[in-house]
Amino acid sequence: MQVKGLHSGYGKVPILHDVSFHIDERETVAVIGPNGAGKSTLLKTIAGLVKLTSGELYFDGHNITGTSPDQLVRLGIALVPEGGRPFANMSVIDNLRMGAYSKREVLKTGVLDELFEIFPRLKERAKQMARTLSGGERQMLAIARGLVSRPKMIMLDEPSLGLAPNLVDEIYEKICALRNELGLTVLLIEQNTNYALELASRCYVLENGRIVMEGSSAEMSGSEHIKKHYLGL
Ligand SMILES: Nc1ncnc2c1ncn2[C@@H]1O[C@H](COP(=O)(O)OP(=O)(O)OP(=O)(O)O)[C@@H](O)[C@H]1O
Ligand SMILES: [Mg+2]
């Protein structure tokens, strides 16, 4: 995927300024940055949920600038939003069905069975209301819901948010296994810089809506700016 000179925001308020970056096929790239930097806005703009004011987006050889959110899902782009945002009063299985762009498609492909194999805990809780899931289970549900459409690229908005450390480990092991098994391209937003740098091969730093640094995860780990402001060293 390629993002070229992206500007976007809400109404007349600009948030992202001239953001450019790329992710190779099957690569995992992380975007880190402080609260309010525009990380979620970036993912929402790529997913077509926030309108870009200028710039261009390319995915899989197509110019996808201005493409509608449901069409982007069909092209293979999935967003797992911050906090997972399940439909609280719907069961696990109904939440998963909502992740599909067509109900018939889901029934046909047997994707739910596959997902239940990957996430056995969701299978056990298939009929349970989403609001009664634990934080970790809710995040698993959010990731599984993103996978129902069989995306090529998945965008994860802070998958570790609000989880206890042992659950963060579990979620990251899952993401890592999924990525490798399904050959996914991953765009990861993460406050927990250690996890971001471990999973991603490269990383961009977004501050005040601009990309201010980029490099390999190894380079980032060695950077004084990153150590001081993001790793608390
Ligand atoms: N729907 C909205 N309408 C107006 N302003 C918004 C909206 N959503 C976000 N913003 C503003 O856009 C800016 C960037 O928000 P965004 O959610 O992209 O930041 P973030 O980097 O994801 O932060 P965090 O780490 O806290 O999740 C913030 O100043 C925020 O208040
Ligand atoms: Mg955010």
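Let me begin by describing the structure that accompanies this report. Nothing here was measured: the structure is a model prediction, and the numbers come from that model. Position numbers for residues count from 1 along each chain, tracking the sequence in the order it is written. All chains are assigned letters beginning with A, and all ligands numbers beginning with 1, in the order in which they are written. Residue-level local features of this predicted model are given only where pLDDT is at least 70; pairs of side-chain atoms are given and counted only at 80 or more, and the full residue set underlies all totals for whole chains, interfaces and linings. Heavy atoms from the whole structure form the basis of all side-chain values; hydrogens and water molecules are not counted.

Ideal values differ by geometry: the angle at a metal is 109.5 degrees with four tetrahedral donors, but 90 or 180 degrees with six octahedral donors. For Na, K and Ca the donor cut-off is 3.2 Å, and for all other metals it is 2.8 Å, counting N, O and S atoms only; because water is absent from this set, sites may look incomplete. Coordination of the magnesium ion (ligand 2) by the protein is provided by S40 (OG) and E82 (OE), with metal-donor distances spanning 2.0 to 2.1 Å. Within this pair, whereas S40 is found in helix α1 (residues 39-46), its partner E82 is found in the loop between β6 (77-80) and α3 (92-98), the two being separated by 42 residues in sequence. Taking relative accessible area as the criterion, S40 reaches 17% and is therefore assigned buried. Judged by its relative accessible area of 30%, E82 is partly exposed. Secondary structure is summarised from DSSP: a helix means a run of H or I of at least four residues, a strand means a run of E of at least two, and numbering begins at the N terminus for each. Using a 1.4 Å probe on the protein chains alone, a residue whose accessible area is under 20% of its type maximum counts as buried, one over 50% counts as exposed, and one in between counts as partly exposed.

Turning next to the sheet that holds strand β4 (residues 52-59). At least two DSSP bridges between two strands are needed for those strands to be called paired. Across the sheet, 4 strands lie side by side as β2-β1-β4-β5; this open sheet has antiparallel pairing. Strand pairing shows two members of the sheet lacking a second neighbour, β2 (13-22) and β5 (62-63), which therefore form its edges. Across 6 bridges, the pairing between strand β1 (residues 2-10) and β2 is antiparallel. Paired with V3 across the strands is F21, a residue of β2.

With that settled, consider the sheet that holds strand β3 (residues 28-32). With mixed pairing, 6 strands are arranged side by side in an open sheet as β6-β7-β8-β3-β9-β10. Both edges of this open sheet fall to β6 and β10 (210-216), since each of them pairs with a single strand only. Mean inter-strand twist for the sheet, computed between neighbouring axes without regard to direction, equals 15 degrees. Bridge analysis of strand β7 (residues 153-157) against strand β8 (residues 185-189) gives 5 bridges, and the strand direction is parallel. The residue of β8 that forms the bridge with M153 is T185. Relative to the sheet, α1 contacts β3, β6, β7, β8 and β9 (202-207), its axis offset from that of β7 by approximately 150 degrees. Working convention: axes come from line fits to C-alpha atoms, limited for helices to the stretch in contact. Angles between N-to-C directions cover 0 to 180 degrees. Contacts are assigned to residue pairs that have any heavy atoms within 4.5 Å of one another.

By salt bridge we mean one thing: a side-chain nitrogen of Lys or Arg within 4 Å of a carboxyl oxygen of Asp or Glu. Applying the stated criterion across every chain, the model contains 9 salt bridges. Note that R202 and E27 form a salt bridge whose closest N and O atoms lie 2.7 Å from each other. Here E27 lies in the loop between β2 and β3 and R202 lies in strand β9, a separation of 175 residues in the sequence. The pair formed by R202 and E27 is uniform in burial state, with each residue classed as buried. Notably, a salt bridge pairs E114 with R150, separated by 3.1 Å at the nearest N-O pair. With a gap of 36 residues between them, E114 in helix α5 (residues 111-118) and R150 in the loop between α7 (135-147) and β7 connect regions that are remote in the sequence. In the salt-bridge network here, residues are joined through shared partners; they are R121, E124, R125, E137 and E170.

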